[in-house]
Amino acid sequence: MRNYYAKIALVVILIGVALYSLYPTVQLGGLQDEETQLVESLSSMTGLTRPEIEIALSQQELESVVHQHTTGDTSIQAREIARKLVDLDSKLANVETKAIRRGLDLQGGTYLVYEADMPKLVLLPEIAKVVDERLEEIVKETQKESEANRTDFFETLQQNFRKRDLQLNSYYGKKGQTDETIITELRQQAQDAISRTLEVIRVRINEFGVSEPSIQTQGNRRIVVELPGIQNIQRAKTIIGSTALLEFKLVEDADVTQSVLNDINKVMRQKRSAEEIQSGDDSETTEKDSSDFQEGEVAEDGEVSLSDLFGDNIDEDSTATPDSSSVLVDEKTYNERPFTSLLRQVGGANSSVITVPIQNYRAVNRILLLPEVQDVIPNDNEFLWKTKTVKYGEEEYQQLYFVRKEAELVGKRLKDARVQISGGSSSLNAGEPEVHLSLDNEGAKKFSRITKNNINKQLGIVLDDQVASAPFITVHIPSGNASITGIRDMEEAKTLALILRAGSLDAAVHVISENTVGPSLGRDSINKGQRSAILGLLIVVLFMIVYYKASGLVADFALLLNILFVFAFLAGFKAVLTLPGIAGIILTVGMAVDANVLIFERIREELRTGKTIRAAIDSGYNRAFRTILDANITTLITAVVLWNFGTSALQGFALTLSIGIIASMFTAIFVTRLIFDVITSRFAITKLSI
């Protein structure tokens, strides 16, 4: 028996890990039901529709919106429900990242496909040297021919120029360039348009509050956007498709930023404990605010509940995980400076960048949107988040900038932005990537004034109200040609250059396909899939019990483990479950018991020859193993081919089938063999129920 302890422990550990991985998925259903009830209650009190509440919630403005739509006692009750919804939304966001992700066909949402708009691209004034009636006629004819004959747009464009005895360099490129060179450059411009749009969409997707959006390229000229849970396709197209707004805004100095943070601290103290402020204790703590961040000081991290932070008397959800209902604070400063205790300034005391632990992001953003906090922020300033999170060691942070509202310069003054490798004015930056940008005449004049008057200050590059980068101004730049240094790697440099170009050129892309899957259709798909899976599972389970008796129960146990492991893998590795994926699971059910059928039939044959039970079991597993392995490997190869070359629907099927095949090899062979070995060694059975 001792020989089996390690194997039994392995199976128990795997089952425990699987159950742990699936717990957030089970928890998610209860939280979503609670959210639906709160939204309905809030809608009846305020008159707001569900989409309006969801939009305000995703933009973290729900409390202020509710305050504007209610009065008196109703306002108090509605704001309490709004606070509960905000807290619940934070918990949901945390749980959703750990639960099984569902595709659009199960969850509902918006599906958009963007393609590079070739006619618009080649007529842009930044691309074409001259745009006249003749060029417009050639482009229009090219579009018709390429669509009718399904030919390449640029090859057709080149042919139409040749028909008219025209050189492409009459309208594009430089004088003397060949047609082939110009066509290559135009193709690159089309690819660049897709890359720019991809970055803009990634920035704007945060407006929807979607937890698991999918944004990916398809081929060289298309972008596929999937927004689970978003039903308003027109709003999605409007937000994604509007022209990118690129601005250059000055970041305020650290002392100015600190002064505003101190004012926010006072507001939060008053909100949390009004009686203490009225008694005169504020004068003592205000004096301490002046040196909020001491250089070299290390925060003593601890967790407090959201209700304690905001002074809300809200019952915490007993099913909530600790990190979804609490925030990380510096315990040394929390009582005196509740807001800045949520922040970290990793850059040092002179840094203008506010660094926020990712766990505190929602709480900090919620505080900044409170009406009382908005009142203490100067009208000509605003707080803006950085587009991407950063890592310091193993910890992930979001960065916040306090900037001037009025832009010093806008993106349309930018002519171009390209990545180059530093020639190395010093040994410190030699070989590092840099972004070189050039401005038009008016932009150069403004940029000269900005750089002359703000040396050693940060200039934020802001795309759609999110800071992409905030380089320091080190010298006066009168020429209109500047370089951004201090970039960590080539990928970051390419992304920054794309963002800069996104603000200088119109997004030459258009929607070629759009689709909305309603939540009712998603629920109907889930219900039908569940019924099919349960029915198929029951039939297989009953067949195995009737035909193989007690041994059939062993196979059924292995089958249930197989399904458990498949779902646990989907949750643990953030894979997406689709309707074809459910079909793959149903097929896995049949294939999983097929291995046991082969094994059991071999065991029956061995028993008929007069072998002992133990010998028959050993021989049955050994003889069936090769057949099972061959069958599963060939099926797995097919699934891999489907995954690599199939569409998204086939990929969903191939994914669950592949996981199921691998899991069935473990459960049908290892687990069932372990059960038989334990039974035969522990009990002196004289007849095997098979």
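Up top is the structure.
Residues numbered from 1 in each chain as written. Predicted model: local features only at pLDDT ≥ 70, side-chain atom pairs only at ≥ 80, totals over all residues. Heavy atoms only, no water.

K.L.:
Summarise the overall build of the protein; cite the residues concerned and give the values.
P.N.:
Assigned secondary structure in the protein consists of 22 helices and 19 strands. Residues classed as buried in the protein amount to 48% of the 690 residues present. Restricting the contact set of the protein to residue pairs at least 6 apart, pairs at least 24 apart contribute 72%. As presented, the protein carries roughly 34,100 Å² of accessible surface, and 52% of it is formed by carbon and sulfur atoms. (Helix = DSSP H or I, 4+ residues; strand = E, 2+ residues; numbered from the N terminus. Buried < 20%, exposed > 50% of the residue type's maximum accessible area, 1.4 Å probe, protein only. Contact = heavy atoms within 4.5 Å. Areas by Shrake-Rupley, 256 points an atom, 1.4 Å probe, with all protein chains shown as cover.)

K.L.:
So what's going on with helix α8 (residues 153–163)? Residues and values would help.
P.N.:
Residues Phe153, Phe154, Thr156, Leu157, Gln158, Asn160 and Phe161 constitute the buried set of α8. Among the structural elements, α6 (118–122), α7 (133–149) and α9 (179–204) are those in contact with the buried residues of α8. N-capping of α8 is provided by Asp152, with a side-chain oxygen placed 3.1 Å from the backbone N of Phe154. Positioned one or two residues after α8, Asp165 has a phi angle of 55 degrees, which is positive. (Polar contact = N/O pair within 3.5 Å; in protein donor to acceptor, adjacent residues only side chain to side chain.)

K.L.:
For the sheet that holds strand β15 (residues 459–463), give the residues involved together with the corresponding values.
P.N.:
Reading across from one edge, β12-β5-β15-β16 is the order of the four strands in this open sheet, with antiparallel pairing throughout. Every other strand in the sheet has two partners, leaving β12 (409–410) and β16 (466–469) as the edge strands with one partner each. (Pairing = 2+ DSSP bridges.)

K.L.:
A description of helix α2 (residues 50–58) should follow, citing residues and the corresponding values.
P.N.:
Buried residues of α2: Ile53, Ala56, Leu57 and Ser58, and no others. Positive backbone phi, approximately 60 degrees, marks Gln60, located one or two places after α2.

K.L.:
So what's going on with the packing of aromatic side chains? Residues and values would help.
P.N.:
Under the definition given, this model contains 13 aromatic pairs. Pairing Phe161 with Tyr171 gives two aromatic rings, centres 6.0 Å apart and planes at 75 degrees, and the pair type is edge-to-face. Residue Phe161 is found in helix α8, and its partner Tyr171 is found in the loop between α8 and α9; the two are separated by 10 residues along the sequence. Judged by relative accessible area, which is 0%, Phe161 ranks as buried. (Phe/Tyr/Trp six-rings, centres within 6.5 Å; stacked < 30°, edge-to-face > 60°.)

K.L.:
Explain the pattern of salt bridges residue by residue, including any values.
P.N.:
Counted under the stated rule, the structure contains 24 salt bridges. For Glu145, the salt bridge is made with Lys163, and the minimal N-O distance between the two is 3.7 Å. Taken together, the positions of Glu145 in helix α7 and Lys163 in helix α8 put the pair 18 residues apart, joining distant regions of the chain. On the basis of relative accessibility, which here comes to 22%, the residue Glu145 falls in the partly exposed class. (Salt bridge = Lys/Arg side-chain N within 4 Å of Asp/Glu carboxyl O.)

K.L.:
Break down the packing of α7 against α8 for me, with residues and values.
P.N.:
Where α7 meets α8, the closest approach of the two axes is 9 Å, and the angle between their N-to-C directions is 130 degrees. Considered as vectors, α7 and α8 are oriented oblique to each other. In this structure, the crossing between α7 and α8 has a hand that is right-handed. Every residue of α8 that contacts α7 at Leu135, Ile138, Val139, Glu141, Thr142, Gln143, Glu145 and Ser146 is listed here: Phe153, Thr156, Leu157, Asn160, Phe161 and Lys163. Within the contact of α7 with α8, the residues separate by chemical class into six nonpolar, five polar and three charged. (Axes fitted to C-alpha atoms, helices over the stretch in contact; angles between N-to-C directions. Parallel < 35°, antiparallel > 145°, perpendicular 65-115°, else oblique. Left-handed = near helix turned anticlockwise from the far one by under 90°. Nonpolar A, V, L, I, M, F, W, Y, C, P; charged D, E, K, R; others polar.)

K.L.:
Explain the nonpolar core to me, using residue names and the numbers behind them.
P.N.:
Formed by 38 residues in total, the largest nonpolar core has its most connected members in Phe154, Phe161, Tyr172 and Val225. Taken together, the elements giving at least two residues each to this core come down to β2 (109–116), α6, α7, α8, α9, β4 (222–228) and α10 (233–241). Leave out the neighbours within four places in its chain, and Tyr172 touches Val122, Ile127, Ala128, Lys129, Leu135, Val139, Phe161, Ile182 and Leu186. (Core = buried A, V, L, I, M, F, W, Y, C linked by side-chain atoms within 4.5 Å.)

K.L.:
I'd like a description of the sheet that holds strand β17 (residues 481–484), backed by residues and values.
P.N.:
What the three strands build is an open sheet, ordered β13-β14-β17; its pairing is antiparallel. Whereas interior strands pair on both sides, the edge strands pair on one side only; in this sheet they are β13 (414–421) and β17. Across this sheet, the average inter-strand angle for adjacent strands is 25 degrees, counted without regard to direction.

K.L.:
Talk me through the packing of α8 against α9; I want residue IDs and the actual numbers.
P.N.:
It is at 10 Å that the axes of α8 and α9 come closest, and there the two elements cross at 145 degrees. For α8 against α9, the interelement crossing comes out right-handed. Two secondary-structure elements touch here, α8 through Phe154, Glu155, Leu157, Gln158 and Arg162 and α9 through Asp179, Glu180, Ile183, Leu186, Arg187 and Ala190. Here the contact of α8 with α9 is composed, by residue class, of five nonpolar, one polar and five charged.

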